[in-house]
Amino acid sequence: MKAIALTHYLPIDDPQSLLDVELDPPVAQGRDLLVRVEAVSVNPVDTKVRAPKPQVEAQPKVLGYDAAGVVEAVGAEVTMFRPGDAVYYAGDITRPGSNAQLQLVDERIVARKPGSLDFAQAAALPLTALTAWELLFERMGYAFDGGGAGRILLVIGGAGGVGSIAIQLARLAGFTVVATASREETAQWCRELGASHVVDHRQPLAPQLQALGFEHVDAALNLADTDRYWTELGELLAPQGHVGLIVEPAGALRIGDPYKAKCIGIHWEMMFARARYRTADMDEQGRILARVAALVDEGRLRGTLRETLSPIDAANLREAHRRLESGRSIGKLALAGW
């Protein structure tokens, strides 16, 4: 089968950073689905895993943590899917990724593809939707049905992949959403997705929020630079508020006052945790993706795909990584077809 892989961890401008390879196809066993991948999308985790380091892989390593495709075969213990089902998923960071024509994935972290979306549109959703959903409704504990009513949510990095879904889910839950963006095109994107207000994250946040009439926010999703906004968020968050984090800080974070004094909940989200540690509730990810698919098909949640590159090959994947690393991406970028 065709695949895109690496053996050395190199800068993305190096043509050896991602390579077209031929690999033996895997065989489905146990609870695994063998999926014929039709489309993939890229996320910051792809670039972080691929980032330059001295490590060398003895065998080609396949990345990719978002996919949509068709079930080709199933393991003997599979109960929820059968060959021919169109599915979507984010996968498991401890296993070979989706940048291959055939991929094994545990059925518990898979759902049927939204019927109203094509494969590229569907492949752009799983990782970001799972991350945003788990942060808001599991880590922070807000109810999807009305849990944000009367509350203000600040989304730092609103035009990125996770932010684009988080804005929409938060609005569905009843939050007043204030998103951050630094360019007019990204600000407009946030407004289209449902942000009531947009502020500039290059400038101090407090004066901008105060100008909108908000002295405090009830919750914040810091989807950008954890270190940069840490002190300011401590001041902005209301007592007993919540902050959600997805980006590892460069240094130590001070979690004393005002975080301690205000009893602010600090929540880390890593959507690969369930699959990586085989948690007892691992199948919750499949249920979340099924709920997201239903919201999409009902017209309540929109996809966030902005562009599709074709075919799925090393040259296009390097270009996708390059765009992500520029820090100027809006929504999601997918690759489709072999």
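Numbers given for residues are sequential positions, taken from 1 along each chain in its written order. Local features in this predicted model are restricted to residues of pLDDT 70 or higher, and side-chain atom pairs are both shown and tallied only at a pLDDT of 80 or more, whereas totals for entire chains, interfaces and linings draw on every residue. Neither water nor hydrogens contribute to the side-chain values; these are computed over all heavy atoms in the structure.

We now examine the pairing of strand β14 (residues 265-268). For each residue, the accessible area found with a 1.4 Å probe, counting protein chains only, is set against the maximum for its type, and the residue is called buried under 20%, exposed over 50%, and partly exposed in between. Note on conventions: DSSP H or I runs of at least 4 residues are helices, E runs of at least 2 residues are strands, and numbering of each starts at the N terminus. Burial of the side chains of β14 is restricted to one face: Gly265 and His267 are buried, whereas none of Ile266 and Trp268 on the reverse face is. Taken together, the four bridges between strand β13 (residues 237-245) and β14 define a ladder with parallel strand orientation. Paired with Gly244 across the bridge in β14 is His267. When DSSP locates at least two bridges between a pair of strands, those strands are taken to pair.

We now examine the sheet that holds strand β2 (residues 19-22). Spatial strand order, β2-β1-β4: three strands in an open sheet with antiparallel pairing. The outermost strands of the open sheet, each flanked by one partner alone, are β2 and β4 (53-61). Strand-to-strand twist of the sheet, defined as the mean angle between neighbouring strand axes without regard to direction, takes the value 45 degrees. Summarising the sheet, strand β1 (residues 2-9) and β2 pair through four bridges and their orientation is antiparallel. Among the inter-strand pairings, Ala5 is bridged to a residue of β2, identified as Leu19. All axes here are fitted lines through C-alpha atoms, helices being fitted over the stretch that makes contact, and every angle between N-to-C directions spans 0 to 180 degrees.

A side chain with one charge can pair with a side chain of the opposite charge if their charged atoms come near. Salt bridge, as used here, is a side-chain nitrogen of Lys or Arg placed within 4 Å of a carboxyl oxygen of Asp or Glu. By the definition in use, this model includes 24 salt bridges. With its nearest N and O atoms 3.1 Å apart, the salt bridge here joins Asp66 to Lys332. Here the residue Asp66 occupies a position in the loop between β4 and β5 (67-74), and Lys332 occupies one in strand β16 (residues 332-336), the gap between them amounting to 266 residues. There is no split in this pair, since Asp66 and Lys332 are both buried.

Once that is clear, we can look at the packing of aromatic side chains. Any aromatic ring pair is given by two values, namely how distant the centres are and how the planes are angled relative to each other. Note on aromatic contacts: the rings of Phe and Tyr and the six-membered ring of Trp form a pair at centre separations within 6.5 Å, being stacked when their planes are under 30 degrees apart, edge-to-face when over 60 apart, and tilted otherwise. Within this structure, the stated rule accounts for six aromatic pairs. Plain terms: the ring middles of Phe137 and Phe144 are 5.4 Å apart, the flat faces sit at 85 degrees to each other, and that makes the pair edge-to-face. Seen from their ring centres, Trp230 and Tyr259 are 4.2 Å apart, and the 10 degrees between their planes marks the pair as stacked. Placement of Trp230 in helix α7 (residues 226-236) and of Tyr259 in the loop between β13 and β14 is noted, with a sequence separation of 29 residues between them. Taking the relative accessible area as the measure of exposure, Trp230 reaches 5% and is therefore buried. For Tyr259, a relative accessible area of 3% corresponds to the buried category. Chaining the aromatic ring pairs together yields one cluster made of Trp133, Phe137 and Phe144. Positioned above the aromatic ring of Phe119 is the side chain of Lys113, whose terminal nitrogen or guanidinium carbon lies 5.2 Å from the ring centre. Working rule: Lys NZ or Arg CZ, within 6 Å of ring centre, within 35 degrees of ring normal, means a charge sits over the ring. It is Arg306 that lies over the ring of Trp189; its NZ or CZ is 4.7 Å from the centre.

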